[in-house]
Structure formats: C-alpha cells, structure tokens
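Descriptive analysis of the structure
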Amino acid sequence: MTNRALPATPPDVRIEHRYPEARAFLRHHGPQALAVLHDLLAAAQPRNGAWVVQTSTRDVARRLEFLSKDTVNRRLRQLLQAGIVEILDHGAATFQALTYRINLLGSGITVHPDDHTA
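Every value quoted in this text rests on a predicted model; they were computed, and no experiment measured them.

Rules of the game
Within any chain, residue numbers begin from 1 and follow the written order of that chain's sequence. Owing to the predicted nature of the model, reporting of local features is limited to residues with pLDDT of at least 70; listing and counting of side-chain atom pairs is limited to 80 or more, with chain, interface and lining totals taken over all residues. Water and hydrogen atoms play no part in the side-chain values, which are based on all heavy atoms of the structure. Counting from the N terminus, the helices are DSSP H or I runs at least four residues long and the strands are E runs at least two residues long. Buried, partly exposed and exposed residues are distinguished by accessible area as a fraction of the type maximum, computed with a 1.4 Å probe on protein chains only: under 20%, between the cut-offs, and over 50%, respectively. The contact criterion used throughout is that any non-hydrogen atoms of two residues lie within 4.5 Å. Where accessible areas are quoted, they stem from the Shrake-Rupley method and a 1.4 Å probe; at the residue level, only the protein chains shown are allowed to cover. Between N-to-C directions, angles cover 0 to 180 degrees, with each direction set by a line fitted to C-alpha atoms, over the stretch in contact for helices. By definition in this entry, angles of less than 35 degrees are roughly parallel, angles greater than 145 are roughly antiparallel, angles of 65 to 115 are roughly perpendicular, and the rest are oblique. Gly counts as polar in this scheme, as do all residues outside two lists: the nonpolar Ala, Val, Leu, Ile, Met, Phe, Trp, Tyr, Cys and Pro, and the charged Asp, Glu, Lys and Arg. To qualify as a nonpolar core, a set must consist of buried Ala, Val, Leu, Ile, Met, Phe, Trp, Tyr and Cys residues joined through side-chain atoms within 4.5 Å. Think of a salt bridge as a Lys or Arg side-chain nitrogen and an Asp or Glu carboxyl oxygen that are within 4 Å of each other.

Check the secondary structure of the protein and you find 3 helices and 6 strands. Along the chain direction, N to C, the helices and strands of the protein fall in the order β-α-β-β-α-α-β-β-β. Per-residue burial over the protein gives 36% buried out of 118 residues. Put simply, 67% of the contacts in the protein that link residues at least 6 apart link residues at least 24 apart. Carbon and sulfur atoms make up 51% of the accessible area of the protein, which amounts to about 7,400 Å² in all.

Now the structure itself:
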C-alpha cells in the first residue's frame, strides 16, 4: 500500500438526520451506503449551492478503514443509481478521483458548515 496523500481537509461540517425521513433512507440504502455517504459529505465542499467532492473509491475505503474498496464501489454505484450522487467529472484514467455532486433532497439528511458555536 502506498502512502499517497489525501486532498486537503475540508472545513468541519455538521451532518444532521431528521426523522422519519432519515430512517427511511437508512432502511432503503443500508448502513454501508450511509457510511459512504457520510464520508463523501465530510470531504465535500459547498459549490454553487450544492455539496461537491472529488475523491476515489480507494480514498473513501482508506478513510473509513472498515469497508473494502470493493464494498465502497458497490455502495457508491448504489447511491449513483438512486440519484443521491451524480458524477460531474469523469477522471481520465482508471482509479482516478472523480468529482461528485451530492443530492440530499428527500433523504432526511442535511449538512451545515460547523462554526464551532453549537
């Protein structure tokens, strides 16, 4: 395994779940997909009113540590098919980081920049 540097750490965010919508999301997509989504959100930056992240399945698996890259890939495909994650920029090479936009509409999940005042 190489010690490839991850992108700069984004600002802290607060990820909130509103029930019952978030429970329905979890029940439908499962805890692994939720873990992948949380990792994407934690690494995302706000851009033009949306949360956007540039990452790879290997980077997500490395950060999470408890899911393999293959599991991350399956859950990311699941989120893509559900329309929760959209690819904005396809990498030029295999295994290159892709740019994703995250759509949380109807998920019961919201993200806020953490101002450390709460």
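There is more to say after this.
Each pair of packed helices can be described by the angle between their axes along with the distance between the axes. Where helix 1 (residues 21-43) meets helix 2 (residues 57-64), the closest approach of the two axes is 10 Å, and the angle between their N-to-C directions is 100°. Judged on the interaxial angle alone, helix 2 and helix 1 are roughly perpendicular. Here helix 1 contributes Ala35, Val36, Asp39, Leu40 and Ala43 to the contact with helix 2, which in turn contributes Val60, Arg63 and Leu64. Of the residues contributing to the contact of helix 1 with helix 2, the split by class is 6 nonpolar, no polar and 2 charged.

With that settled, the discussion passes to the nonpolar core. Val36, Leu37, Leu40, Leu79 and Ile102 are the most contacted members of the largest nonpolar core, which totals 27 residues. Going through the elements one at a time, helix 1, strand 3 (50-55), helix 2, helix 3 (69-81), strand 5 (98-102) and strand 6 (109-113) are the ones with two or more residues in this core. With 8 residues, the top contributor of residues to this core is helix 1. Look past the residues within four positions of leucine 79 in its chain and what remains in contact with it is Phe25, Ala33, Val36, Leu37, Ile84 and Val85.

With the rule as written, the count across this model stands at 5 salt bridges. We note a salt bridge from lysine 69 to aspartate 70, for which the minimum N-O separation is 3.4 Å. Take aspartate 70: its relative accessible area is 43%, and that puts it in the partly exposed class. We note a salt bridge from arginine 101 to glutamate 86, for which the minimum N-O separation is 2.9 Å. One end of the pair, arginine 101, is in strand 5; the other, glutamate 86, is in strand 4 (residues 85-89), with 15 residues separating them in the sequence.

Tracing the backbone shows histidine 29 in helix 1. Histidine 29 has contacts with Gln78, Ala82 and Ile84, leaving out every residue within four places of it along the chain.

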